[in-house]
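# Coordinate inspection notes
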Amino acid sequence: MSQKQFDPQEKSNLISFLIKAKRHTYAGHGAETTPCRPSSHDLQFSEDDLLYYDTFLGGQFFSGQEALWKNNQPLWSMNYYGQVTGSPFSGDFLKEALFNVPAHAPFRGPEHYSQGDYTYNCKWTGTFEYFQGHEEIFYQNTKIYELHFHGGAIL
């Protein structure tokens, strides 16, 4: 059985919406919504018939999921698990990197992003329909954060 493939126009529209949603929620310092589970952090964005939801648990060690729906039908999701491994960690720097999510790989942030003493690196394999990857943040060449992610299309 092969993996689900989106129609090229539908894929382009979904990626454009996903990038906009990410920039209006966590990466853009968006407000949290009412939690769907005890102690979860939930962010939501919708436009027309599309809905994006990002929900995560934890702080220093955390796990979460981003998902897209069209007409209340799930189409795509990404799971992630990460941890802060050192200091001085900057959530604002992470959000800056994630705000620069590339359209050719709309999973997390760009392959490389730097600001001052902080450096963000992200590597992935696969396509929008099926992917996995890893991101790290370094402060003055010392790794202080890491995250693993994977996901893809939902039938």
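See the structure shown above.
In this text the structure is predicted, and so the values were computed from the model without any measurement.

Reading across from one edge, β1-β2-β3-β4-β8-β7-β6-β5 is the order of the eight strands in this open sheet, with antiparallel pairing throughout. Two strands close off the open sheet at either side, each with one partner strand: β1 (40-47) and β5 (112-115). For this sheet, the mean angle separating the axes of adjacent strands, direction not counted, is 15 degrees. Alignment of β5 against strand β6 (residues 118-127), held across four bridges, turns out to be antiparallel. Residue H112 lies in a different strand from β6, and its bridge partner there is N121.

Our next topic: the side chain of E129. Within the secondary structure layout, E129 lies in the loop between β6 and β7 (130-139). Here the side chain of E129 touches F6 through a polar contact of 3.5 Å, landing on its backbone nitrogen.

Mapped onto the secondary structure, G30 falls in the loop between α1 (8-24) and β1. On a C-alpha basis, the gap between G30 and L43 in space is 7.3 Å, while along the polypeptide they are 13 residues apart. The contacts of G30, once residues within four sequence positions are left out, are H24, T25 and L43.

Turning next to unusual backbone geometry. Residues S87 and P88 are joined by a peptide bond in cis, for which omega reads 5 degrees. On the secondary structure map, P88 appears in the loop between β4 (73-84) and α2 (91-99). Its identity as a non-glycine residue notwithstanding, N72 has a phi of 65 degrees, on the positive side. By the element assignment, N72 lies in the loop between β3 (61-70) and β4. In this structure, Q140 takes a positive phi of about 45 degrees despite not being glycine.

In this section: the layout of surface pockets. The space that makes up the largest pocket amounts to roughly 280 Å³. Along the walls of the largest pocket sit 20 residues, with Y26, F62, L94, L98 and R108 positioned nearest its centre. Of all elements in the fold, only β2 (50-58), β3, β4 and α2 reach the threshold of two or more residues within the lining of the largest pocket. When residues of the lining of the largest pocket are assigned to their parent elements, the largest contribution, four residues, is made by β2. When the residues that make up the lining of the largest pocket are grouped by side-chain class, the tally is 13 nonpolar, three polar and four charged.

Procedures and definitions
- The numbering scheme is per chain: residues are counted from 1 as the chain's sequence reads.
- Reporting of local features is limited, given that this is a predicted model, to residues whose pLDDT is at least 70; pairs of side-chain atoms are given and counted only at 80 or more, and all residues count toward the totals for whole chains, interfaces and linings.
- Excluding hydrogens and water, the side-chain values take into account all heavy atoms of the structure.
- A pair of strands is labelled paired if DSSP reports no fewer than 2 bridges between them.
- Secondary structure elements are defined from DSSP: runs of H or I of at least 4 residues count as helices, runs of E of at least 2 residues count as strands, and each element is numbered from the N terminus.
- Orientation is described by axes fitted as lines to C-alpha atoms, over the contacting stretch for helices, and by angles from 0 to 180 degrees between their N-to-C directions.
- A 3.5 Å cut-off defines polar contacts: any pair of N or O atoms within that distance qualifies, except that in protein one atom must be a possible hydrogen donor and the other a possible acceptor, and neighbouring residues in sequence count only when both atoms are side-chain atoms.
- Every residue pair with non-hydrogen atoms within 4.5 Å of one another is taken to be in contact.
- Buriedness for pockets is judged along seven lines, at least five of which must meet protein on both sides within 12 Å for an open set on the 1 Å grid over protein atoms alone, while cavities are sets there where a 1.4 Å probe fits but cannot get out, and lining residues have an atom within 4 Å of a point.
- Grid points are joined across faces, edges and corners, and a volume is the space filled by probe spheres set on the points.
- In this classification, Asp, Glu, Lys and Arg are treated as charged, Ala, Val, Leu, Ile, Met, Phe, Trp, Tyr, Cys and Pro as nonpolar, and every other residue, Gly included, as polar.

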